[in-house]
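# Residue-level structural notes
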Amino acid sequence: MSVLTAVETVLAEVGAPLHYCEITRRIVERGLWTPEGKTPEATVRGAIGVEIKNRGNKSRFQRVDKGLFALCGWAVPEIASKREQTKSTPAPEEKKLTVTSVRTISFTDAAEQVLDQFGGKRPMHYRDIAKKVLELGLVRTEGRTPEATLYAQISTEIARKTRRGDASRFVKHGKGFVGLSRWMARGLVFQIEQHNNAARKKLHTRLMAMSPPEFEALIGKLLVAIGFDEVSVTGRSGDGGIDVRGTLVVGDVIRTRMDVQVKRWKPNVQAPTVQQVRGSLGAHEQGLIITTSEFSTGARSEAERSNAVPVALMNGERLLDLLVEHEIGVHHTSSFVIGLGVRY
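What comes next is a walk through the structure.

Under the defined criterion, the tally for this structure stands at 1 aromatic pair. Consider the rings of Y126 and Y151, whose centres lie 4.4 Å apart with planes at 20°: the pair is stacked. With a gap of 25 residues between them, Y126 in helix α6 (residues 126-135) and Y151 in helix α7 (residues 146-164) connect regions that are remote in the sequence. Here Y126 falls in the buried class, since its relative accessible area comes to 15%. Seen from the ring of F118, K132 lies directly overhead, with NZ or CZ sitting 4.8 Å from the centre.

What follows is about the sheet that holds strand β6 (residues 177-180). Spatially, 3 strands are ordered β4-β6-β5 in an open sheet, and the strand pairing comes out antiparallel. The open sheet has two edge strands, β4 (124-125) and β5 (170-174), and neither has a second partner. Sheet topology note: the β5/β6 ladder contains 4 bridges and is antiparallel. In the sheet register, G174 faces β6, and the bridge partner there is F177. Contacting β5 and β6, α7 runs over the sheet at an angle of about 115° to β5.

Another aspect to go through is the nonpolar core. If you look at the biggest cluster of nonpolar residues, it comprises 22 residues, and the most contacted ones within it are L207, L223, I290, L319 and L323. Of all the secondary structure elements, the ones that give two or more residues to this core are α8 (188-209), α9 (212-225), β9 (254-263), β10 (285-291) and α12 (316-325). Ignoring sequence-local partners within four residues, the contact set of L319 consists of L207, F215, I219, L222, I290, T291, T292 and M314. Core analysis: the second largest hydrophobic core is formed by 20 residues, V3, V7, Y20 and I52 among them.

A few words on the sheet that holds strand β1 (residues 18-19). Judged by pairing direction, the sheet is antiparallel, and its 3 strands sit side by side in the order β1-β3-β2 without closing on themselves. Single-partner strands in this sheet number two, and they are β1 and β2 (61-65). Relative to strand β3 (residues 68-71), β1 runs antiparallel, the two being bridged by 2 bridges. Bridge assignment links H19 to a residue of β3, and that residue is L68. Docked against the sheet, helix α1 (residues 3-14) engages β1, β2 and β3, running at close to 80° with respect to β3.

The rules behind each value
- Residues numbered from 1 in each chain as written.
- Predicted model: local features only at pLDDT ≥ 70, side-chain atom pairs only at ≥ 80, totals over all residues.
- Heavy atoms only, no water.
- Phe/Tyr/Trp six-rings, centres within 6.5 Å; stacked < 30°, edge-to-face > 60°.
- Helix = DSSP H or I, 4+ residues; strand = E, 2+ residues; numbered from the N terminus.
- Buried < 20%, exposed > 50% of the residue type's maximum accessible area, 1.4 Å probe, protein only.
- Lys NZ or Arg CZ within 6 Å of the ring centre and 35° of its normal.
- Pairing = 2+ DSSP bridges.
- Contact = heavy atoms within 4.5 Å.
- Axes fitted to C-alpha atoms, helices over the stretch in contact; angles between N-to-C directions.
- Core = buried A, V, L, I, M, F, W, Y, C linked by side-chain atoms within 4.5 Å.

Below you can see the structure in the form of structure tokens.
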């Protein structure tokens, strides 16, 4: 996997802007990309910067603050232009204070802590939240607009959770004020969360009751929805354990042939299954295992093993999230999942 594809994968999974140091840590830990030099953070930052410069509005990424990047599709406010920034030359003593900063936790996690400790179950303005976050040292940032970054990340999380039918940690009360949804646990947010949890259980039961062809067809429909092309169900005829094949398209540029094995199991998927999928792959192909259950520690280690063909893993929880988000197997209105009829 290329460094830019790995960056895009991590940002898509997190669903919120990340500092390039945090992006690097995540992609290296997961084995999505193996750095060759001694400064992987600089490589990641440079690769993103080159794409933004060369592709402009067609880039997959956008810079939302200094060292902080997001996916363009999120429409997060951009970093202030250089014309809006001061042109004065920093004094020597100011230069000595300039260091490369690393985020300790995300802005959203820090905002949750501040609201929990200092909000008194009452909304706070996002500028006051950001000020307290920085005072406590919960986040270190090089950006000039931490307040805007914090508010943008909270807004992004709320929008992402709403699309999936989940209750966000945060509630916006207008005019920049933000509160925690759990303060409203006996109100509408609590009802939404309880309803959606029950709906997910019903959906999971429905998946387990499907015939193998029905389940494979459902997975094929999901793959199309999340960006696959040329999706075909193999029909279990001499496929070496592969149930669905397709091509993952990233940015209309990168095309990766993927062989998918689906496991409608209750027990956890173990390492030998990962080895089986990897052994069935052809040249220039990658593997994906989708299960209604979970993966053992050994299976995850095997999937991420260095110097081996990558095998991606999608567990039951993630599968349900994507089905709900793309309205496959469910019908939902607003934040309520209201139906469970499988649609083809």
